[in-house]
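Here are the chains, one letter per residue:
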Amino acid sequence: MERSYEKYFRQNRLPHMWCPGCGNGTVMKAIVTAIEKKGWTQDNTVIVSGIGCSSRASGYMDFDTLHTAHGRAIPFATGIKIANPELNVVVITGDGDCTAIGGNHFIHGARRNVDMTVVLFNNNIYGMTGGQASPMTPLHKKATTAPYGTVDRPFDACHLAQAAGATYVARSTAYHVQHLADMIADGFDNDGFSFIEAVVQCPTAFGRKNKMGSPADMMKWMRDTGVMQAAWEKLPEEKREGKFPIGLLHKCQAEDYVTAYQQVIEIAGGDKA
Amino acid sequence: MSEARLMQGNEACAEGALAAGVRFFGGYPITPSTEIAEVMAKLLPTLGGKFIQMEDEIASMGAILGASLAGKKVLTATSGPGFSLKQELIGYAACAEIPSVIVNVQRVGPSTGQPTSPSQGDVMQARWGTHGDHPMIALSPWTVRECFDVAVMAVNYAERFRTPVIVLMDEIVGHLREKVELPDMDQIDCYPRRQPTATRAEGYQPYRPEKDLVPNVADFGTGYHIHVTGLIHDETGFPSGSPQVTQEAIRRLHKKIEIAQDEITHYEEFFMEDAEYAVVAYGGTARTAYEAVRIARQQGIRVGLVRLMTIWPFADKIISQTAAKVKGILVPELNYGQLVGEVERVVRGACPVELLAKYNTEIFVPQEIVSAIEKLCAGGNA
C-alpha cells in the first residue's frame, strides 16, 4: 500500500502521544492529504497550533511548525501570514483552545479574513488535562468539572465562525475520512479565513465518562449523527435533535487582509520603498 | 545629523524602531503609549512594512512573535494593564527565543489607576512580570533623543540575544516634546537577523547555541522545517521532559545575557568625581534629579547623580562601586519603592540607602529631591 503522505511526518517524532482509539491522528492525516492534494510544499507551509491534545499534532508534521501558547495560535498565525504572505498557514486547534481561551482571537481572525485555514479538532472536552468541560461539551454531558452534567449551553463553532465573518466554513468528522480531507482541501482553496470543524472521538476523557462505548462505537455515533448538509436542510426540526450537519456550511467572497493591506502600502508609497 | 525637529518621546521611540529595521507592529491602543501605534500605522506602510491593530494586547504579542518567526523585526507598545496582558507571551518569547521589543510607557497603577499620569510602577513587572525563571533586558530613556536611541538598542539586543527586550518608558518622557537631531538613517548600526550556518543535511539544530550561547534559529519559510515551542526543549527544538535538559535550557537563557552584562549595562555619571553622596535615578525622574543635584552643588553639597539607562539586568557593579565611595545614596522613584530594593541588595549596608517615593500622579520638583539630599547629609530620613 502506497503511503505517499508519510513524507509529511517527522518519523523520528512518532509514535504519537495520543491515546489508543483517539481520532486526532485521523484529522492530522486528513490535513496532510489535503496538503498533498493541493501540491503545497513542506518549505512553503507553516503549521501553527495552540495547546492541548489537538495541538501536539504540529510536532509530528515535517514543516515549519509552531506550538504556541494556549488559545493563541490564530494571533501567531496572523503575524506569520502578514509578515510573509508567500507562506501557506494552517492552524490546528481544539474546542477548548479555540472557543474558550482563544475565543476572542477566533472571532477576530474570522473578521479580519487573513488567509489561513483553521482546523478545529472537536473532541468535546479538555482531553490533555483529563476531561474537564469545554465550551463545546454538549449540554448535560459529564466531565470532571461537571460531574452532574454541564448546565451551560455549548457553542456551535461553525455558526460562530460564520457570524464573525469567516469566508469558508465546513464540518466533518473522523469517521468521514475522505470527506474531511476534501473539506480541508477546499478550505485551502479559499483566499481568506477558512474554518473546518473536525469532530473527533475522545474515548478516554469524554466517551468513557459519558458511557459512549468503544472508539468504534463513538465513530458509529459520528456516522449516525453527522448528516450531510443537503440532507440536513430537508430534515424537519424534530428529527434534528442530537444530530449535526456536515459538509460545506458557508462560503462567501471578501477581500483577504493581506491583499487589502497591500493597497494601504501602495497609497502610502511603500511599494516603491 | 538630520535637521532639528520638535518631537515627542513616543514619536522618537517609534522612529528609532523603524530606523533599527522594525517592519512589523502589532498593537492595541492604550494611554499613554498610543502615539507609538499611531506613528507606526502611518509610517510602516511607507516603508513597505505592516501594521496591524489586534483585538487585545495578548493577540498583539502573538502577532509580533509570529511575524518575528517569519523573519521580520518587530515591535509592540503598551502601558500598565496591557503590559500585564502581554506577560504570558513575553515568557513564551523568552523560552522560544523569539526576538521582540515591547515598549511600556508607564502610568499610575494598579489596575486602570491614573491612566494619564506618570509613574515608574512597572519596574518590577518588567523584570518579573512573566512566570518562571527568565532573564530580562529593560532600558529606560530620559530624553526624547534617547527614546530614539534606546529603541534602536532594544531592537538590536532583541536580535542579538534572541530575547524579548522591554523599553521601559514613563509618561514623562513618552509625552515630553524636545528639540532633537536624529542621526542619519544610514549611520544606524543594525544587528541583522541571525542566520543558520549549516544545512539540514549538515546536522543543523535550530536551538544549538553558538559561542555567545545564542542559537541561530532559522526563519520560517527558509526550508529548515524547524519546530518552535514554549515547552522546554533541547537543541533540536523539540520538547524534553529531562531534568538535565530543563536545567541546561533555563541556565543558558540566563547565561547568554549574564556573559554580556557589562556590554549592555548603560549608565551616566554626573558630578560623581568628588561626590560624598549619590542620587541613583532613571527615566523621567532622573531629569528632576539632575536639576536637584545641580542646585545642591550650588549649596555646597558634594552630591552626584548616577543615571541608569539599563534597568535590567541591574547595574550591580556600578552601584556597588558607588556605594564604596559615598556616605549615602538617595533613590527617588515615582512608585512606592521598587528599584531601591535592588540598590539595597547590592549596597549590602556599605552606606545608608534612602528612598524618596512619590505616587500621587505628580512628578518630582527639584526642591523635593534637594530636601531629601539635605536630610541624607544630615543623617536623617529622607
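Conventions used here
Residues numbered from 1 in each chain as written. Chains lettered and ligands numbered in written order. Predicted model: local features only at pLDDT ≥ 70, side-chain atom pairs only at ≥ 80, totals over all residues. Pairing = 2+ DSSP bridges. Helix = DSSP H or I, 4+ residues; strand = E, 2+ residues; numbered from the N terminus. Axes fitted to C-alpha atoms, helices over the stretch in contact; angles between N-to-C directions. Contact = placed C-beta atoms within 7 Å. Buried ≥ 20, exposed ≤ 12 C-beta atoms within 10 Å, placed from the backbone. Nonpolar A, V, L, I, M, F, W, Y, C, P; charged D, E, K, R; others polar. Expected span 1.5 Å × (residues − 1). Core = buried A, V, L, I, M, F, W, Y, C linked by C-beta atoms within 7 Å. Domains from an automatic or database assignment. Right-handed = clockwise from strand over helix to strand, strands pointing away. Parallel < 35°, antiparallel > 145°, perpendicular 65-115°, else oblique. Left-handed = near helix turned anticlockwise from the far one by under 90°. pLDDT = per-residue confidence, 0-100.

Caption draft 1: Geometry of the sheet that holds strand S4 (residues 116-122) of chain A. Read from one edge of the open sheet, nine strands run S7(A)-S8(A)-S5(A)-S6(A)-S4(A)-S3(A)-S1(A)-S2(A)-S10(B), paired in mixed fashion. The sheet terminates laterally at strand S7 (226-228) of chain A together with strand S10 (227-229) of chain B, the two strands that pair on one side only. Averaged over all neighbouring strand pairs, the angle between strand axes comes to 20°, with direction disregarded. In the sheet, strand S1 (residues 45-49) of chain A pairs with strand S2 (residues 64-67) of chain A via four bridges, with the strands oriented parallel. Looking at the pairing, A:Ser49 lines up with A:His67 of S2(A). Contacts from helix H8 (residues 215-225) of chain A reach strand S5 (168-173), strand S6 (193-199), S7 and strand S8 (244-251) of chain A within the one sheet, and its direction differs from that of S7(A) by about 35°.

Caption draft 2: Representation of the environment of B:Thr285. Residues and elements named next belong to chain B. Looking at the element boundaries, Thr285 is found in helix H10 (residues 283-298). Given 28 C-beta atoms within 10 Å, Thr285 falls into the buried group. Through-space distance from the C-alpha of Thr285 to that of Ala67 is 35 Å; in sequence the pair is 218 residues apart. Excluding residues that lie within four positions of it along the chain, Thr285 makes contacts with Gln120, Pro332, Glu333, Leu334 and Phe364.

Caption draft 3: Local environment of the interface of chain B and chain A. The interface of chain B with chain A comprises 37 residues on the first partner and 37 residues on the second. Elements supplying a minimum of two residues to the side of chain B that touches chain A: strand S2 (22-27), strand S3 (50-53), helix H3 (57-69), helix H4 (80-96) and S10 of chain B. A total of nine residues in the side of chain B that touches chain A trace back to one element, the largest contributor, which is H3(B). Here the side of chain B that touches chain A is built from residues that sort into 20 nonpolar, twelve polar and five charged.

Caption draft 4: How the structure looks around helix H8 (residues 243-258) of chain B. Residues and elements named next belong to chain B. For H8, spanning 16 residues, the distance from its first C-alpha to its last is 22 Å, which sits close to the expected 22 Å at 1.5 Å a residue. Among all positions of H8, only Leu253, Lys256 and Ile257 are buried. Buried-residue contacts for H8 involve H4, strand S7 (137-139), helix H6 (144-161) and helix H9 (261-264).

Caption draft 5: Structural detail: the nonpolar core. Formed by 200 residues in total, the largest nonpolar core has its most connected members in A:Ile80 and A:Val119. The dominant element in this core, judged by the number of residues it contributes, is H6(B), at twelve residues. Each of domain 1 (5-187) and domain 2 (266-377) of chain B contributes no fewer than three residues to this core. Apart from residues lying up to four places away in sequence, A:Val119 is in contact with A:Val27, A:Ile31, A:Val90, A:Val91, A:Ile92, A:Ile184, A:Ile196 and A:Ala198.

Caption draft 6: A look at the pairing of strand S16 (residues 353-357) of chain B. Residues and elements named next belong to chain B. Of all five residues in S16, four are buried, a share of seventy percent or more. By the bridge criterion, five bridges tie strand S15 (residues 328-333) to S16 in an arrangement that is parallel. Paired with Glu333 across the strands is Ala357, a residue of S16. One crossover worth recording links S15 to the parallel S16 by way of helix H12 (residues 339-347), and it is right-handed.

Caption draft 7: Local environment of the packing of helix H11 (residues 316-325) of chain B against H12(B). All names here are of chain B. Taken N-terminus to C-terminus, the directions of H11 and H12 make an angle of 65°; their axes are 9 Å apart at the nearest point. Considering the angle they form, H11 stands roughly perpendicular to H12. Like other packed secondary-structure pairs, H11 and H12 cross with a definite hand, here right-handed. Along its contact with H11, which presents Asp316, Ile319, Ser320 and Ala323, the element H12 presents Val343, Val346 and Val347. Residue classes in the contact of H11 with H12 are distributed as five nonpolar, one polar and one charged.

Caption draft 8: Just H10(B), in detail. Residues and elements named next belong to chain B. For H10, with 16 residues, the first-to-last C-alpha span of 24 Å sits near the 22 Å given by 1.5 Å per residue. Those residues of H10 that sit buried are Gly283, Gly284, Thr285, Ala286, Thr288, Ala289, Tyr290, Ala292, Val293 and Ala296. Downstream of H10 by a residue or two, Gly300 has a phi angle that is positive, lying close to 95°.

Caption draft 9: Summary view of the domain arrangement of chain B. Residues and elements named next belong to chain B. When the domains of chain B are assigned, the result is domain 1 (5-187) and domain 2 (266-377). Taking the mean C-alpha position of each, domain 1 and domain 2 sit 26 Å from one another. Taken residue by residue, the interface counts 24 residues in domain 1 and 21 residues in domain 2. Only strand S6 (114-118), helix H5 (123-128), S7, strand S8 (164-170) and helix H7 (171-175) provide two or more residues apiece to the side of domain 1 that touches domain 2. For the side of domain 1 that touches domain 2, the element with the highest residue contribution is H5, accounting for four residues. In terms of residue class, the side of domain 1 that touches domain 2 is built from 16 nonpolar, six polar and two charged.

Caption draft 10: Structural context of the sheet that holds strand S11 (residues 267-270) of chain B. All names here are of chain B. Strand order in this open sheet of five strands is S11-S13-S12-S15-S16, and the pairing throughout is mixed. On the outer flanks of this sheet lie S11 and S16, each paired with one strand and no other. Within this sheet the neighbouring strands show an average axis-to-axis angle of 20°, counted without direction.

Caption draft 11: Main features of unusual backbone geometry. In this structure, the amide linkage connecting A:Leu14 to the following residue, A:Pro15, adopts the cis form with an omega of 5°. With respect to the secondary-structure elements, A:Pro15 resides in the segment before helix H1 (24-38). The peptide bond linking B:Trp312 to B:Pro313 adopts the cis configuration, its omega dihedral lying at -5°. With respect to the helices, strands and loops of the structure, B:Pro313 is situated in the loop between strand S14 (310-312) and H11. Notably, A:Asn113 is not glycine yet its phi reads approximately 60°, a positive angle. Phi angles above zero are rare outside glycine, and B:Thr361 is one such case at about 85°. Positionally, B:Thr361 belongs in the loop between S16 and helix H13 (366-377). On the neighbour-count criterion, B:Thr361 (15 C-beta atoms within 10 Å) is partly exposed.

Caption draft 12: Just the packing of H3(B) against H4(B), in detail. Residue and element names in this part refer to chain B. Between H3 and H4, the shortest axis-to-axis distance is 7 Å and the interhelical angle comes to 30°. As judged from the angle between their axes, H3 and H4 are roughly parallel. The crossing of H3 and H4 is right-handed. For the pair formed by H3 and H4, the contact residues are Glu57, Ile58, Met61, Gly62 and Leu65 on the first element and Gly82, Leu85, Lys86, Glu88, Leu89, Ile90, Tyr92 and Ala93 on the second. In terms of residue class, the contact of H3 with H4 is made up of eight nonpolar, two polar and three charged.

Caption draft 13: Up close: the confidence of the model for chain B. Per-residue confidence for chain B gives a mean pLDDT of 97, with 99% of residues at or over 70. The complex prediction reports pTM at 0.98, with the ipTM value standing at 0.97.

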